[in-house]
2 protein chains.
Amino acid sequence: MTMATKKIGKQTLQFERAPYVVGFAAVGGKMEGQGPLKDDFDYLSTDARFSKESWEKAESEMQYKAFTLACDKAKLPQSRVDLIFAGDLLNQCTASTFSLREIGVPFLGLYGACSTMAEGTALAAMSIDGGFADYTAAVTSSHFCAAERQFRTPLEYGVQRCPSTQWTATAAGSLILSSSQPHTTNKCIPRITHATLGRVCDTGVTDVSAMGAAMAVAAYETLYTHFEDSGFSPDSYDLILTGDLGSVGHKIVTDFFGKNGTELKNYTDCGLLLYDREKQDVHSGASGCGCSASVLCGHILRKMVNGELNTVLLAATGALMSPTSSGQHESIPGICHIVRIDNYKL
Amino acid sequence: MTMATKKIGKQTLQFERAPYVVGFAAVGGKMEGQGPLKDDFDYLSTDARFSKESWEKAESEMQYKAFTLACDKAKLPQSRVDLIFAGDLLNQCTASTFSLREIGVPFLGLYGACSTMAEGTALAAMSIDGGFADYTAAVTSSHFCAAERQFRTPLEYGVQRCPSTQWTATAAGSLILSSSQPHTTNKCIPRITHATLGRVCDTGVTDVSAMGAAMAVAAYETLYTHFEDSGFSPDSYDLILTGDLGSVGHKIVTDFFGKNGTELKNYTDCGLLLYDREKQDVHSGASGCGCSASVLCGHILRKMVNGELNTVLLAATGALMSPTSSGQHESIPGICHIVRIDNYKL
C-alpha cells in the first residue's frame, strides 16, 4: 500500500495545495547590469565587492539583499518565514551560512551546485504542501570572482578560456512561497504545482571546460522523466528553461529530444538569456547557481505576474564535481531538478 | 489563517504519520573499530582507503556501503527508495555525489556540516509525512584523512593539536524511513515523531581548534526551543544526545541549562561516545558528520530496536565556516537540528 499520494510516476511530485509565489527578487553585478535582462533585476551593483571586504563576503551580501528584497516585495516581515532553503558554490556553502547569520530564521542548507534554485524551490514547496510551514524561502547565489579563484585559477593569471566555457554569474535570487493566496494588484499569481527530483547522471565527461556537456544528459533525463511521469506534453508549456547549460548543453538537449522525435519548441536556457553573447565575452553563456536563480526571480516571474508567461518549467542543472575530484581524474556527475510553475489568474 | 498544521511553537514539526526507521547501518575505520562502540558497526575497515585510490574516494565508498547495508537490513531493493538526502564535509559534497552516482535514486544534496544526519533525517521524515514518498534515506559521512588535509594541514606535517580539538570520525551512517509499519522480529520499531529545525547562531568564536565551543550555543538554543515548543521536559527522554560537541561543548551546554535551573540528567554527546578518550588520542572527543551518523545508525538505533532505549533526542550540531572564511578573520557560525525518535512497541 502506498501512502505517497502526491507522487506520480517515478520521480514527480504533484502538490495538492500548490504554494503561491508571493515574493521574488534578483540581485546582480556589473556584467548582469550590462546584459539584456538588466531591467529585471531588483538591485544591481557595479562594485564586485558590494561594499564588503572580499568577494566571498560580497556573495553573502547578495543573498541577504535578495532575501530581504523578496520579503519586502511580499510585504512579509522576515521573522514570518518558517524555513529557508539555501546553498551556493563556495566551499562549505559559506555565502549562505554567513548571510543567514543575519536572519534569525530556521535554515536547511543545500548543496546542489547550479541546480540549487530548483532544489530549494521544490523543498520549500514540499514543506508548505506537507503542512510544515506557511511561508518558506529559497535562496542561492554565485559570484564570478569568488568562483573563479576557488574552482579554477586566480583572476590575476588571466587564463585564456576556451569557447565551451561559461561565465559564472555574479547574481543571487530568492523567492518566498506561501500556503495561502496573497492580496496583490498583479494580474496573476504564480504557483508551484509539480517538482521532478533528479538522479545523479555521469556520462564520463572529464573536461571541466565543458560543464554544459557534463550536465546536459541529466537535464535530458529529468525532463524526459517529467513528461513521462506527468503526461504533460512539452508543447503545453509557454517556456521550458534549463538551468545553465549554455549553448553547448542547450544544443545537446535539443538534439537528444530531436532524436526521440520530440521538437522542443519553447525551449531555452537561463545561460543563454542572462548575457548578450554577441557583445559580452561570455563564450558559451552564463552559469552558476545565481544564473537560474536570478533569471527565474527576475525575468521569468516578472513575466508571469504580468500574464506574459503562464506555464513555465524550470529545469536547473548542476555539475557535482570539485577541483579535488577532477584532480583525481574523476568524471563530472550532473544533476537536474525541475519545478513547474503555473499562473493562477485573478 | 495558518495551514501549517504540523508546526508547533516556533521551530518544531510534529509528524502526523511518524515515519518508521526500517533500516540503519554504520560504517567505520580503524580508530572506530578500536573504540567502545566497535560492536555496533555493520562494517569496519582497517584500510583508511577502503580499497580505493584516495581518501576522498574511500569516503564515497563508505557512504555507498552504509546506504546499501541499510537497504539490505530493511530487506528493501535500493530502487524502492524514493528520495535520498545526503551531504558531507568535502568541498562540493563529493563524498555524497560520487557515491550516489552508483545508486539510481533521486537525490537532494545537503550541506549542514556535522548537523547533516539530523537535517537529512528531518527532511526524509517530512517527505514521508507530507505524502511525497514511501521510502526515504538519509546518509552522511566524514573521513579523518580527507578532512584534515582539506580543513587544516596535510597529515604529513604532523601538526600538534591542542586539547580542545576533536578527532574527525572516519565513519558513515545511513537510515531508511518508511511510511508503513514493517514486518520485523525486533521488539520495537523506532519512529521519527518530531523535528526542531535550527537557526544559524554566531557568538563570535574564531578559534578553529574550539569547534565544540562554537557549536554549543546553537545546541543550547535548538534544545531550549525544542523543549519550549513541544512542552516535553528534558526528563522525559531516555537519552538526549548532541552531535559532536566533545567535552568542551558538552560542558558548555550542561552549564547553560544549569544556569537556567535545568539539570540535563540523561545527556551525553556523540563525540564522547565514539572513542575511549583515556586510551585513544582524540583530545576533546570525536567530530565530523560521520560521528553522529554512525553513533545514531549503529549504537543508538540498535539499543532502540532492542527496547533498551525508547525515547531519544538527537541534536546534531554543525560548524558552518570554511578555511576561506576563517582565513578572512570571520567567526564560526553554528547550527543544530533536532529529531526526536520514539519507540513503537510491538
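Residues numbered from 1 in each chain as written. Chains lettered and ligands numbered in written order. Predicted model: local features only at pLDDT ≥ 70, side-chain atom pairs only at ≥ 80, totals over all residues. Heavy atoms only, no water.

A word on the packing of aromatic side chains
Which entries qualify depends on this criterion: Ring geometry is summarised as follows: Phe, Tyr and Trp rings, the Trp one being its six-membered ring, pair when their centres sit within 6.5 Å, and such pairs are stacked at plane angles under 30 degrees, edge-to-face over 60 and tilted between the two. Comment: elements are numbered from the N terminus, with helices defined as DSSP H or I runs of at least four residues and strands as E runs of at least two. Each residue is placed in one exposure class: buried if its accessible area under a 1.4 Å probe, protein chains only, is under 20% of its type's maximum, exposed if it is over 50%, and partly exposed if it falls in between. Any Lys NZ or Arg CZ that is within 6 Å of a ring centre and within 35 degrees of that ring's normal is treated as a charge sitting over the ring.
Counted by the stated rule, this structure contains 20 aromatic pairs over all chains. Their ring planes at 5° and their centres at 3.8 Å tell us that Phe144(B) and Trp167(B) sit as a pair that is stacked. Here Phe144(B), found in helix H5 (residues 144-151), pairs with Trp167(B), found in strand E8 (residues 167-168); they are 23 residues apart in sequence, far enough to count as distant. For the pair shown, Phe144(B) and Trp167(B) are each scored as buried. Site record: aromatic cluster; members linked through ring pairs are Tyr220(A), Tyr224(A), Phe227(A), Phe232(A), Tyr237(A), Phe256(A) and Phe257(A). The residue whose ring lies beneath Lys65(A) is Tyr43(A), and the NZ or CZ to ring-centre distance is 4.6 Å. Positioned over the ring face of Phe232(A) is Arg340(A), at 4.1 Å from the centre of the ring.

Observations regarding the interface of chain B and chain A
Interface size is commonly expressed as the accessible area that is lost once the parts come together. Keep this limit in mind: Here a residue-residue contact requires only that any non-hydrogen atoms of the pair lie within 4.5 Å. By buried area we mean the combined loss of accessible area, with a 1.4 Å probe, across both parts when two parts are placed together. A side-chain nitrogen of Lys or Arg and a carboxyl oxygen of Asp or Glu constitute a salt bridge if their distance falls within 4 Å.
Taken residue by residue, the interface counts 65 residues in chain B and 65 residues in chain A. For the pair chain B and chain A, the summed buried surface comes to about 5400 Å²; carbon and sulfur atoms form 60% of the total. Its largest share of buried area at the contact with chain A, chain B owes to Met3(B), Gln92(B) and Phe132(B), together 15% of the area lost on that side. At the junction of chain B and chain A, the tally comes to 8 salt bridges.

Details of the pairing of strand E15 (residues 334-345) of chain A
All names here are of chain A. Short version of the rule: In short, DSSP must find at least two bridges between two strands for them to pair.
Within E15, 10 of the 12 residues are buried, leaving the element largely enclosed by the surrounding structure. Note that strand E14 (residues 311-319) and E15 share 9 bridges and pair antiparallel. Within E15, the position partnered with Gly318 by the bridge is Ile335.

Regarding the relation of the copies chain B and chain A
Relating the two copies of this chain is a rotation about some axis coupled with a shift parallel to it. As a reminder of what qualifies: To superpose the copies, least squares is applied to the C-alpha atoms of every residue with a pLDDT of at least 70 in both.
Each copy of the sequence occupies a distinct position, and chain B is placed on chain A by a rotation of 180° and an axial shift of 0.0 Å, giving an RMSD of 0.0 Å. Seen this way, the second copy is the image of the first under a two-fold rotation axis. Here 100% of the contact residues of chain B are again contact residues in chain A; the copies associate through an equivalent surface.

Remarks on helix H5 (residues 144-151) of chain A
Residue and element names in this part refer to chain A. Summarising burial for H5: 7 of the 8 residues are buried, a large majority. Of the residues making up H5, those classed as buried are Phe144, Cys145, Ala146, Ala147, Glu148, Gln150 and Phe151. Those residues of H5 hidden inside the fold are in contact with helix H2 (55-73), strand E7 (135-142), strand E8 (167-168) and helix H10 (323-327).

A closer look at the pattern of salt bridges
The tally for this structure, following the rule as stated, stands at 36 salt bridges over all chains. Lys7(A) is the salt-bridge partner of Asp82(B), the closest N and O atoms lying 2.4 Å from each other. Of this pair, Asp82(B) sits in the loop between helix H2 (55-73) and strand E5 (83-88) while Lys7(A) sits in strand E1 (residues 7-8), which puts the two residues in different chains. For Asp82(B), a relative accessible area of 11% translates into the label buried. Among the charged side chains, a network of salt bridges with common partners joins Glu53(A), Lys57(A), Arg101(A), Glu102(A), Asp202(B) and Glu330(B).

What to know about the nonpolar core
The cut-off we apply is this: Take the buried Ala, Val, Leu, Ile, Met, Phe, Trp, Tyr and Cys residues and link them wherever side-chain atoms come within 4.5 Å; each set so joined is a nonpolar core.
Within the largest apolar cluster, 116 residues are counted, with the highest numbers of intra-cluster contacts made by Leu175(A), Leu296(A), Ile300(A), Leu175(B), Leu296(B) and Ile300(B). If near-sequence neighbours (up to four positions away) are discounted, Ile300(B) is found in contact with Leu239(B), Leu241(B), Val295(B), Leu309(B) and Val312(B).

Comments concerning the layout of surface pockets
Residues and elements named next belong to chain B. Threshold: Each cavity reported here is a set of points on a 1 Å grid over the protein atoms alone in which a 1.4 Å probe fits but cannot get out, each pocket an open set with protein on both sides within 12 Å along at least five of seven lines, and each lining residue one with an atom within 4 Å of a point. Grid points are joined across faces, edges and corners, and a volume is the space filled by probe spheres set on the points. Each residue is assigned to one of three groups, with Ala, Val, Leu, Ile, Met, Phe, Trp, Tyr, Cys and Pro labelled nonpolar, Asp, Glu, Lys and Arg labelled charged, and all others, Gly among them, labelled polar.
There is about 660 Å³ of room inside the largest pocket. In this structure, the largest pocket is lined by 37 residues; those nearest its centre are Glu148, Phe151, Arg152, Gln166 and Val208. Per-element tally for the lining of the largest pocket: the top contributor is H5, with 4 residues. Across the lining of the largest pocket, the residue classes break down as 19 nonpolar, 14 polar and 4 charged.

Overview of the environment of Leu320(A)
Among the structural elements, Leu320(A) can be located in the loop between E14 and H10. Exposure remark for Leu320(A): the relative accessible area of 1% places this residue in the buried category. Along the primary structure Leu320(A) and Asn306(A) are separated by 14 residues, whereas in three dimensions their C-alpha atoms are 35 Å apart. Other than its neighbours up to four places away in sequence, Leu320(A) contacts Tyr111(A), Gly112(A), Ala113(A), Val200(A), Pro333(A), Gly334(A), Ile335(A), Thr94(B), Thr97(B), Phe98(B) and Phe107(B).

Regarding the packing of H2(A) against H5(A)
Residues and elements named next belong to chain A. Test applied: All axes are obtained by fitting lines to C-alpha atoms, using only the stretch in contact for helices, and the reported angles, taken between N-to-C directions, cover 0 to 180 degrees. For classification purposes, angles smaller than 35 degrees are called roughly parallel, those larger than 145 roughly antiparallel, those between 65 and 115 roughly perpendicular, and all remaining angles oblique. Crossing handedness follows the turn of the near helix against the far one: under a right angle anticlockwise gives a left-handed crossing, and clockwise gives a right-handed one.
Viewed as axis vectors pointing N to C, H2 and H5 meet at an angle of 135°, and their least axial separation amounts to 8 Å. Classed by the angle they form, the pair H2 and H5 counts as oblique. Remark: the crossing between H2 and H5 carries left-handed chirality. Taken together, the residues of H5 that come into contact with H2 (itself represented by Trp55, Glu56 and Glu59) are Cys145, Ala146 and Arg149. Each residue belonging to the contact of H2 with H5 can be placed in one class, and the counts come to 3 nonpolar, no polar and 3 charged.

So, the environment of Ser325(A)
Within the element layout of this structure, Ser325(A) appears in helix H10. In this structure the C-alpha to C-alpha distance between Ser325(A) and Ala169(A), which are 156 residues apart in sequence, comes to 23 Å. Ignoring any residue separated from it by four or fewer positions in sequence, one finds Ser325(A) in contact with Glu330(A), Thr94(B) and Phe98(B).

A few points about unusual backbone geometry
Residues and elements named next belong to chain A. Its identity is not glycine, yet Phe50 carries a phi of approximately 45°, on the positive side. Mapped onto the fold, Phe50 is located in the loop between strand E4 (43-44) and H2. In this structure, His283 is a non-glycine residue whose phi angle is positive, near 55°. The residue His283 is located in the loop between helix H8 (270-273) and strand E13 (286-287) in this model. Residue classification places His283 among the partly exposed residues on the basis of a relative accessible area of 23%.

A word on the side chain of Glu330(A)
Stated formally: Here a polar contact is recorded for every N or O atom pair within 3.5 Å, except that within protein the pair must consist of a potential hydrogen donor and a potential acceptor, and residues adjacent in sequence are included only if both atoms are side-chain atoms.
Mapped onto the secondary structure, Glu330(A) falls in the loop between H10 and E15. Among the polar contacts listed, one links the side chain of Glu330(A) to the side chain of Arg101(B), at a separation of 3.1 Å. Each residue touching Glu330(A), except ones within four places of it in the same chain, is listed here: Thr206(A), Ser325(A), Lys57(B), Phe98(B) and Arg101(B).

Considerations on the environment of Trp55(A)
Residues and elements named next belong to chain A. Summarising the element assignment, Trp55 is placed in helix H2. For the pair Trp55 and Ala146, spaced 91 residues apart in sequence, the C-alpha separation works out to 5.5 Å. Filtering out sequence-adjacent residues up to four positions away, Trp55 remains in contact with Ala48, Arg49, His143, Cys145, Ala146, Arg149 and Leu155.

These figures come from the coordinates and say nothing about function on their own.
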